[in-house]
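Here are the chains, one letter per residue:
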Amino acid sequence: DAGVTQSPTHLIKTRGQQVTLRCSPKSGHDTVSWYQQALGQGPQFIFQYYEEEERQRGNFPDRFSGHQFPNYSSELNVNALLLGDSALYLCASSRWSSANYGYTFGSGTRLTVV
Amino acid sequence: AQSVTQPDIHITVSEGASLELRCNYSYGATPYLFWYVQSPGQGLQLLLKYFSGDTLVQGIKGFEAEFKRSQSSFNLRKPSVHWSDAAEYFCAEGWGKLQFGAGTQVVVTP
């Protein structure tokens, strides 16, 4: 049973560019959440998607946007990249009906902005 | 605002010794609490969770945690650490949207 799959694993972008990160949730999960983990810090909640709608959002600017597809997979888009966007981006999936009975995290995408 | 505090940034422990990692939360009602472990370059693995009921929670890999409402704490313990327990540990609180602490780096010496 595959867990959460994220792609790509590593990415280098130039300041001002746009990036798209992808996440496939664990089988049986219908909710996807995204977190940003800067070096040496705990993950910070970006937003959560369920039924293709953004359900909750953390304290991140509009440059961060997302999408969820009918197959429950999700994308995180970041526009106008800043050096400070360099981080590990983690995707977590769960079941909406039991959101806190198990978040399964992917291994993340390491984004470096130069 | 809700917050989670892990007072210890870094802990060094000898293999075979006991380990306790501290976590304090600030949330008025009954919190939903979690401990996760992260190995270098990896995602987060859930060790254990507390929602209600018995305040002593057993998790995977021999870890346990105790919820103490009077102290707003949810400390993680392991009686005897193994070299493979070297990792970063995160305490988190929340429903749907998790609030994480800054993490505690655990180093295990021979």
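Scroll up a little and you will see the structure.
Small disclaimer: the values here were computed from a predicted structure and weren't measured.

A. Fine view of the state of the cysteines. Throughout the structure, instances matching the rule amount to two disulfides over all chains. Between the sulfur atoms of Cys 23 of chain A and its disulfide partner Cys 91 of chain A the distance amounts to 1.8 Å. Between Cys 23 of chain A and Cys 91 of chain A the sulfur-sulfur dihedral comes to about -65°; the bridge is accordingly left-handed. In this pair, Cys 23 of chain A is assigned in strand 3 (residues 19-24) and Cys 91 of chain A in strand 9 (residues 87-94), connecting sequence segments 68 residues apart. Exposure class is identical for Cys 23 of chain A and Cys 91 of chain A. Each is buried. Note that Cys 23 of chain B is cross-linked by a disulfide to Cys 91 of chain B, the S-S spacing being 1.9 Å. One disulfide, between Cys 23 of chain B and Cys 91 of chain B, carries an S-S torsion of -65° and so falls in the left-handed class.

B. Expanded view of the packing of aromatic side chains. By the definition in use, this model includes 18 aromatic pairs over all chains. With a centroid separation of 5.6 Å and an interplanar angle of 50°, the aromatic rings of Phe 63 of chain B and Tyr 89 of chain B are classed as tilted. Note that Phe 63 of chain B is positioned in the loop between strand 7 (56-58) and strand 8 (64-68) and Tyr 89 of chain B in strand 10 (residues 87-93), a separation of 26 residues in sequence. A relative accessible area of 1% means that Tyr 89 of chain B is categorised as buried. Taken together, the ring pairs in this structure connect Tyr 35, Phe 45 and Phe 105 of chain A together with Tyr 32, Phe 34, Tyr 36, Phe 51, Phe 90, Trp 95 and Phe 100 of chain B into an aromatic cluster. The ring centre of Trp 96 of chain A lies 5.6 Å from the NZ or CZ of Arg 55 of chain A, which sits over that ring.

What counts and what doesn't
- In every chain, residue numbers begin from 1 and rise along the written sequence.
- Each chain is given a letter, starting from A, and each ligand a number, starting from 1, according to the order in which they appear as written.
- At least 70 in pLDDT is required for a residue's local features to be given in this predicted model, at least 80 for side-chain atom pairs to be given and counted, and no such filter applies to totals for whole chains, interfaces and linings, which use all residues.
- Excluded from the side-chain calculation are hydrogens and water; included are all heavy atoms of the structure.
- Two cysteine sulfurs form what is called a disulfide whenever their separation falls within 2.5 Å.
- The helix count covers DSSP runs of H or I at least four residues long, the strand count covers runs of E at least two residues long, and both are numbered beginning at the N terminus.
- Buried residues are those whose accessible area, probed at 1.4 Å on protein chains only, stays under 20% of the maximum for their type, while exposed residues exceed 50% and partly exposed ones sit between those limits.
- Pairing of aromatic side chains requires ring centres within 6.5 Å, counting the rings of Phe and Tyr and the six-membered ring of Trp. Pairs whose planes differ by under 30 degrees are stacked, by over 60 edge-to-face, and all others tilted.
- As a reminder, the over-ring test applies to NZ of lysine and CZ of arginine, requiring each to be within 6 Å of the ring centre and within 35 degrees of the ring normal.

Function cannot be inferred from these measures alone, as they are strictly geometric.
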